[in-house]
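Given next are the chains, with one letter for each unit.
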Amino acid sequence: MAETNVTARTNTEAALARIAAIEPKINAFTQVTEELALNIADSVDERVARGEDVPLAGMTVGLKDNLNLVGTRTTCASRILENYESIYTATAVERLIEAGAVPVGKCNMDEFAFGSSTETSVYGPTHNPWDTERVPGGSSGGSAAAVAAGMVDAALGSDTGGSIRQPGAFTGTVALKPTYGRVSRYGCAAFASSLDQVGPLARTVEDTARVLNAIAGHDARDATSVPREAEDFTAELGRGAEGLRVAVAVDWLAAEGLDPEVKAGVLAAAEALASAGAEVGEVTLPNIWNGHSAYYIIAPAEASSNLARLDGVRYGVRATNPEDVLDLYVRSRSEGFGPETIRRIVLGTYVLSAGHYDSYYGQAQKARTIVADDFAQVFAGYDIILTPTAPTPAFKLDEKIDDVIAMCSNDIFTVPVNLAGNTALSLPMGLSTGGLPMGLQLIANHFDERTLLRTAAVLEDHYGFVCTPAHASAHASAHPVTEGAPAC
Amino acid sequence: MSLTQKEVAHYAFLARIELDEAATAALTEDINALLVHLKHIGELDLDGVEPMTHATALVNVTRSDERRDSLPPNLVFKNAPAHEGNAFLVPRIGSGTEGGA
């Protein structure tokens, strides 16, 4: 940044101006924290002036609104937390700020991250910058839309069953779910604790890697965070495809409802990698549907437990004039949660209840094992698996909101990765004939994000995809650390 | 199997949620649709397969038994709907109704 005239403050001011201009069409944010952003930007500029190493100096970021940051509300896009003030800062956010990034606001999401379209937010739906009649995906739809529309340089989301990757696919952004345990979950409101992982969205693979560099690493405040040496996730970008072993999940490409253009895109990606020197083969991971069912038992079960804490006592909305403490619990929760959240809580309660536990939750935990075994067998012989991220490009607002099976089928290719704990990335592979982005999912073995990003970089060069959504046409990214990257 | 509205209302109440009749009917329809989708999981032959509770190999993560600072009371109570001193205020406990804690 020192070599340019751009400062953290000027980049932040540009982002805020852009948000002011575009946000009415997109609704990507639940709150824009201008004063906090400018204060952080000024402190970044002071650090740069002092000669400190500030790797993300001035990079503007959006934070999914389930990530705590002191000075902001953390609402989870729910009425029950609409006035909740963060009392501590999430580790991933703290590390991002330490690296010089400037949070400009909190991003819209499906309520408590339950959804694939960002339509269940109490703040209303986020609109896809490529076509505002369509959803941006979910649940991190606000984060993805903000990045795609050039309102921020990057964003953090959380991914329990595809909630970073699927919105990445729908908005033409690069979206990474790190290996479970790679990034601290401390300060990220829990949905399903054994599946949740915080990760980045950006417009380039390199920016994605830079953000991961900042947020990854052990955190004693999260007991599921895995102690590992620090790594530079940009180190293998540019290394090419020579020697990579890439597998196409051919049985997944036979899934019902898969758009032929998306399928063709996955096959073309395999050919491109082969041309670039990778060894490409075909594999099957036959437990995809078992994994999908296991996910829709385990995730609601964990969610029903995690959300029990919201009872109108310690924080959150409290029902008025409760008769007694039971009335307080019941009315606070019934009035505070939206329909999708209630659906997941009640389903989770049912599958955990006496008489149903063994046939649902117990079986789902075993099914999780066979899903993980599928991945382990493939990764014994391959580095990367290629699949679609989502079966189709972005669907229309209201198209699936009343059809629970259609909505949750959107996660079919993403949830197995969360069950197994692997890392995966959605990369834009071009536009459909309808002009909408399509996402390629790359999956790698546990803690092999470097190979994942290396492979994604090869394909990024191949595609030359530039993120230019129609409803964000005045892009002028002033991002100071990605000179040469496509202006999005 | 499919659940009746009464059963759905029961499971909702276990989760301390009460809905009106129309919302219960809609929820029952949705949950039954999901249960049809999930039913096959109970029919899989998974005898001998170990259940998986977690995706990492971490076991018994503990920390040293040393005093650490915790959140100060002013922050702990910052979002409390009602509190007095260092206590959360709640209405009277025990009403004699079903499930009264």
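This structure is a prediction, so every number in the text was calculated from the model and none was measured.

Colleague: Can you explain the overall build of chain B? Please cite residues and give values.
Modeller: A tally of helices and strands in chain B yields three helices and two strands. Starting at the N terminus and ending at the C terminus, chain B contains elements arranged as α-α-α-β-β. For chain B, whose C-alpha radius of gyration is 22 Å, the value lies well above the compact-globule estimate of 13 Å for 101 residues. By its C-alpha atoms, chain B is 50 × 45 × 25 Å across when sized along the principal axes. A buried classification covers 26% of the 101 residues belonging to chain B. Pairs at least 24 residues apart make up 32% of the contacts formed inside chain B by residues separated by at least 6 positions.

Colleague: Explain the nonpolar core to me, using residue names and the numbers behind them.
Modeller: Burial of nonpolar side chains together is a common tendency in soluble globular proteins. Residues and elements named next belong to chain A. Leu-96, Leu-156, Phe-375 and Leu-386 are the most contacted members of the largest nonpolar core, which totals 132 residues. The biggest single contributor to this core is helix H11 (residues 358-379), with ten residues. Two domains each donate at least three residues to this core, and these are domain 1 (13-283 + 382-463) and domain 2 (289-366). The residues touching Leu-386, leaving out its near neighbours within four places in the chain, are Val-246, Ala-247, Val-248, Ala-249, Val-266, Ala-269, Ala-270, Leu-273, Leu-440, Gln-441 and Leu-442.

Colleague: Residue-level account of the side chain of Arg182(A), with values.
Modeller: Take Arg182(A): it is sitting in the loop between strand E5 (174-177) and strand E6 (198-202). Beyond its immediate stretch of four places on either side in the chain, Arg182(A) contacts Gln197(A), Ala216(A), Gly217(A), Arg228(A), Glu231(A), Phe233(A), Phe447(A) and Glu449(A).

Colleague: Outline the interface of chain A and chain B, supporting the account with residue identities and numerical values.
Modeller: Contacts between the two partners involve 63 residues from chain A and, on the opposite side, 53 residues from chain B. Interface area, chain A with chain B, both sides summed: about 5,200 Å², of which 71% is carbon and sulfur. It is Ile87(A), Leu326(A) and Tyr350(A) in chain A that bury the most area against chain B; as a group they hold 12% of the surface buried on that side. Applying the counting criterion to the chain A and chain B interface returns one salt bridge.

Colleague: Which residues make up the pattern of salt bridges, and what are the values?
Modeller: Residues and elements named next belong to chain A. For the structure shown, the criterion picks out 26 salt bridges over all chains. One salt bridge connects Arg-450 with Glu-236, and the closest N-O pair in it is separated by 3.4 Å. One end of the pair, Arg-450, is in helix H14 (residues 449-463); the other, Glu-236, is in the loop between helix H6 (205-215) and strand E7 (245-249), with 214 residues separating them in the sequence. When salt bridges with common partners are traced through the structure, they connect Arg-182, Arg-228, Glu-231, Glu-236, Arg-239, Glu-449 and Arg-450 into a single cluster.

Colleague: Before we move on, could you go through unusual backbone geometry and cite the residues and values that matter?
Modeller: Most of the time, phi is negative for any residue but glycine, and the peptide bond is trans. All names here are of chain A. Here the residue pair Gly-138 and Ser-139 is connected by a cis peptide bond, since its omega of 10° sits within 30 degrees of zero. In this fold, Ser-139 is placed in the loop between strand E3 (102-107) and helix H4 (141-148). Positioned with a positive phi, Phe-112 is a non-glycine residue whose angle comes to about 55°. Within the fold, Phe-112 resides in the loop between E3 and H4. Residue Phe-112 is classed as buried on the basis of its relative accessible area of 6%.

Colleague: Describe the confidence of the model for chain B, with residues and values.
Modeller: Mean pLDDT over chain B stands at 90; residues scoring 70 or higher make up 91%. Here the predicted complex scores 0.95 on pTM and 0.92 on ipTM.

Colleague: For the packing of aromatic side chains, give the residues involved together with the corresponding values.
Modeller: Residue and element names in this part refer to chain A. On inspection of all chains with the given rule, the structure shows 15 aromatic pairs over all chains. On the basis of an interplanar angle of 90° and a centroid distance of 5.6 Å, the ring pair of Phe-170 and Phe-395 is categorised as edge-to-face. On the criterion of sequence distance, the pair formed by Phe-170 in helix H5 (residues 165-171) and Phe-395 in the loop between strand E9 (384-388) and helix H12 (404-409) is long-range, its members being 225 residues apart. Residue classification places Phe-395 among the buried positions, given a relative accessible area of 3%. Between Tyr-357 and Tyr-361, the aromatic rings sit 5.3 Å apart at their centres with planes inclined by 55°, giving tilted as the arrangement. Cluster of aromatic residues (ring-pair linked, three or more members): Phe-112, Phe-114, Phe-191 and Phe-337. Above the plane of the ring of Phe-395 lies Lys-400, whose end atom (NZ or CZ) is 4.6 Å from the centre.

Colleague: Please set out helix H8 (residues 288-306) of chain A residue by residue, giving values where relevant.
Modeller: Its 19 residues give H8(A) an end-to-end C-alpha distance of 26 Å, which sits within 8% of 27 Å, the value for a rise of 1.5 Å per residue. Of all 19 residues making up H8(A), 17 are buried, and the element is well covered by its neighbours.

Colleague: Which residues make up the domain arrangement of chain A, and what values go with them?
Modeller: Residues and elements named next belong to chain A. Here chain A is described as being made up of domain 1 (13-283 + 382-463) and domain 2 (289-366). If you look at the interface, domain 1 gives 26 residues, while domain 2 gives 27 residues. Roughly 2,300 Å² of surface becomes buried between domain 1 and domain 2 when both sides are summed, with 66% attributable to carbon and sulfur atoms. Per-residue buried area on domain 1 facing domain 2 is highest for Arg-79, Ile-80 and Phe-114; these three make up 28% of the total on that side. Here domain 1 is connected to domain 2 by zero salt bridges. Across the contact surface, domain 1 and domain 2 share 13 residue pairs in polar contact (both at pLDDT 80 or more).

Calculation rules
Residues numbered from 1 in each chain as written. Chains lettered and ligands numbered in written order. Predicted model: local features only at pLDDT ≥ 70, side-chain atom pairs only at ≥ 80, totals over all residues. Heavy atoms only, no water. Helix = DSSP H or I, 4+ residues; strand = E, 2+ residues; numbered from the N terminus. Rg over C-alpha atoms; globule rule 2.2 N^0.38 Å. Buried < 20%, exposed > 50% of the residue type's maximum accessible area, 1.4 Å probe, protein only. Contact = heavy atoms within 4.5 Å. Core = buried A, V, L, I, M, F, W, Y, C linked by side-chain atoms within 4.5 Å. Domains from an automatic or database assignment. Buried area = accessible area lost by both parts, 1.4 Å probe. Salt bridge = Lys/Arg side-chain N within 4 Å of Asp/Glu carboxyl O. pLDDT = per-residue confidence, 0-100. Phe/Tyr/Trp six-rings, centres within 6.5 Å; stacked < 30°, edge-to-face > 60°. Lys NZ or Arg CZ within 6 Å of the ring centre and 35° of its normal. Expected span 1.5 Å × (residues − 1). Polar contact = N/O pair within 3.5 Å; in protein donor to acceptor, adjacent residues only side chain to side chain.

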